[in-house]
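Fold and geometry: a report
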Amino acid sequence: METVSEIKCHNGIQGVYTHRSAALSCDMTFGLFLPQLAQSQKVPLIWFLSGLTCTHENAMVKAGAQSWAAQHDVALIFPDTSPRGVGVADDEAFDLGQGAGFYVNATQAPWAPHFKMWDYIAEELPSVMDSSFPIDMSRQSISGHSMGGHGALTLALRQPGRFKSVSAFAPICNPMKSDWGIKQFTAYLGEDKGLWAAHDASQLMAEHGFDGPILIDNGSEDPFLEKLRPEAFADAVAARGHNAQFRLQPGYDHSYFFISTFMQEHIAFHADYLR
């Protein structure tokens, strides 16, 4: 692993690191904020998974999360959203290929050799955190935005006991019935919809539930609400009588202005369960 940069931030360190990923067969970059407390002891970790077209940098720079993480003595990791580089398959469309990994393990050509984002986030990058940084891996929570919200929900729902809590900003909740899902699942996973269900948060909630608290924010002026289908996830939560908060924030859209406005509340939400 190589250090790209380490910069003092709210008395902690905002770092950027690269490493060779065995899961993705390419070099990957991630951002990691460590609060001041990490200089003397291990600290809890919140994952933030970004959305379509994003790199590790978008949320790291735009979400305003470090100040709140510093107040609660938690670390923040900002992974990239897909494999990248020469020889990695791509597409001209913004919602497929590089920048659009959808947090699945691709089985179809030309995506299968590199697009193993599930393995990367579920297994490989946690191992890097555990071996290389002062992180208490027994205390993790996860959040994300849009495609990253989809990833946060599915990772939490399919890994019981790993995350103390999960939150999301405008997540893709029902990709099996959305334009943001049908296209990508067909490309990455093929036509067998039985394989898709393992990556649909609404299906997973209906079948398995989640053993922790959930917080989801959507903006009332989000132009992509029809693609996100939050009502499908809300129905599945209600059917299970689960502990979840759904908030529709008046006047907000899908942007990082929306995310940065409510990031403080999401960090505090997770911190309550990470103590």
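Quantities reported herein were computed from a predicted structural model and do not represent experimental measurements.

Reading the values: rules and limits
Residues numbered from 1 in each chain as written. Predicted model: local features only at pLDDT ≥ 70, side-chain atom pairs only at ≥ 80, totals over all residues. Heavy atoms only, no water. Salt bridge = Lys/Arg side-chain N within 4 Å of Asp/Glu carboxyl O. Pairing = 2+ DSSP bridges. Helix = DSSP H or I, 4+ residues; strand = E, 2+ residues; numbered from the N terminus. Axes fitted to C-alpha atoms, helices over the stretch in contact; angles between N-to-C directions. Contact = heavy atoms within 4.5 Å. Expected span 1.5 Å × (residues − 1). Bend = angle between axes of the 7 residues up to and from the residue. Buried < 20%, exposed > 50% of the residue type's maximum accessible area, 1.4 Å probe, protein only. Polar contact = N/O pair within 3.5 Å; in protein donor to acceptor, adjacent residues only side chain to side chain. Arc of directions from axis to C-beta. Phe/Tyr/Trp six-rings, centres within 6.5 Å; stacked < 30°, edge-to-face > 60°.

**Examining the pattern of salt bridges**
For the structure on display, the rule yields nine salt bridges. The shortest N-O distance in the salt bridge between D27 and R20 comes to 3.4 Å. A cluster of three or more residues bridged by salt bridges with shared partners is formed by D217, R247 and E265.

**Notes on the sheet that holds strand β6 (residues 135-144)**
Taken in spatial order, the nine strands of this open sheet run β1-β2-β3-β5-β4-β6-β7-β8-β9, and their pairing is mixed. Taken across any chain shown, the strands that pair with only one partner, and hence form the sheet edges, are β1 (2-9) and β9 (244-249). If you compare each strand with its neighbour and ignore which way they point, the axes differ by 20° on average. Inspection of the sheet shows strand β8 (residues 214-219) paired to β9 by six bridges, in the parallel sense. Counted as the bridge partner of D217 is R247 from β9. Here helix α9 (residues 230-240) sits on the sheet in contact with β8 and β9, set at roughly 150° to β9.

**With respect to helix α10 (residues 256-274)**
Every α-helix carries 3.6 residues per turn, so stepping three or four residues along brings you back to the same face. For α10, which comprises 19 residues, the first-to-last C-alpha distance of 25 Å matches the rise-based estimate of 27 Å (1.5 Å per residue) to within 8%. Taking the largest bend as the criterion, α10 deviates by roughly 50°, centred on F262. Within α10 the residues assigned to the buried category are Y256, F258, I259, F262, M263, H266, I267, F269, H270, A271 and L274. Two to three positions downstream of the cap, the backbone nitrogen of F257 sits 3.2 Å from a side-chain oxygen, assigning the N-cap of α10 to S255.

**Some points on the side chain of H56**
Its place among the elements puts H56 in the loop between β4 (43-49) and α1 (57-62). With relative accessibility at 13%, the residue H56 sits in the buried group. Contact partners of H56, with chain neighbours within four places excluded, come to V16, T29, F30, G31, F78, P79 and D80.

**Observations regarding helix α5 (residues 179-189)**
The complete set of buried residues in α5 reads W180, G181, Q184, F185, A187, Y188 and L189. Viewed end-on, α5 has its buried residues packed into an arc of 165°, placing them on one side of the element. Buried-residue contacts for α5 involve α4 (147-158), α6 (193-196) and α8 (225-228). Two residues or fewer after α5 comes G190, characterised by a positive phi angle close to 90°.

**Regarding the packing of aromatic side chains**
Counted by the stated rule, this structure contains 16 aromatic pairs. Taken together, a centroid distance of 5.6 Å and an interplanar angle of 35° make the contact between Y17 and F30 tilted. Within this pair, whereas Y17 is found in strand β2 (residues 12-21), its partner F30 is found in strand β3 (residues 26-34), the two being separated by 13 residues in sequence. Looking at Y17, the relative accessible area reads 3%, which means it is buried.

**Brief notes about unusual backbone geometry**
In this structure, P110 follows A109 across a cis peptide bond, with omega equal to 0°. Tracing the sequence through the fold places P110 in the loop between β5 (75-79) and α3 (117-132). Phi at H10 takes a positive value of approximately 50°, unusual for a residue other than glycine. Relative to the helices and strands, H10 is located in the loop between β1 and β2. Judged by relative accessible area, H10 falls into the partly exposed class, the value being 48%. Positive phi, close to 70°, is recorded for N11, a residue that is not glycine. Within the element layout of this structure, N11 appears in the loop between β1 and β2.

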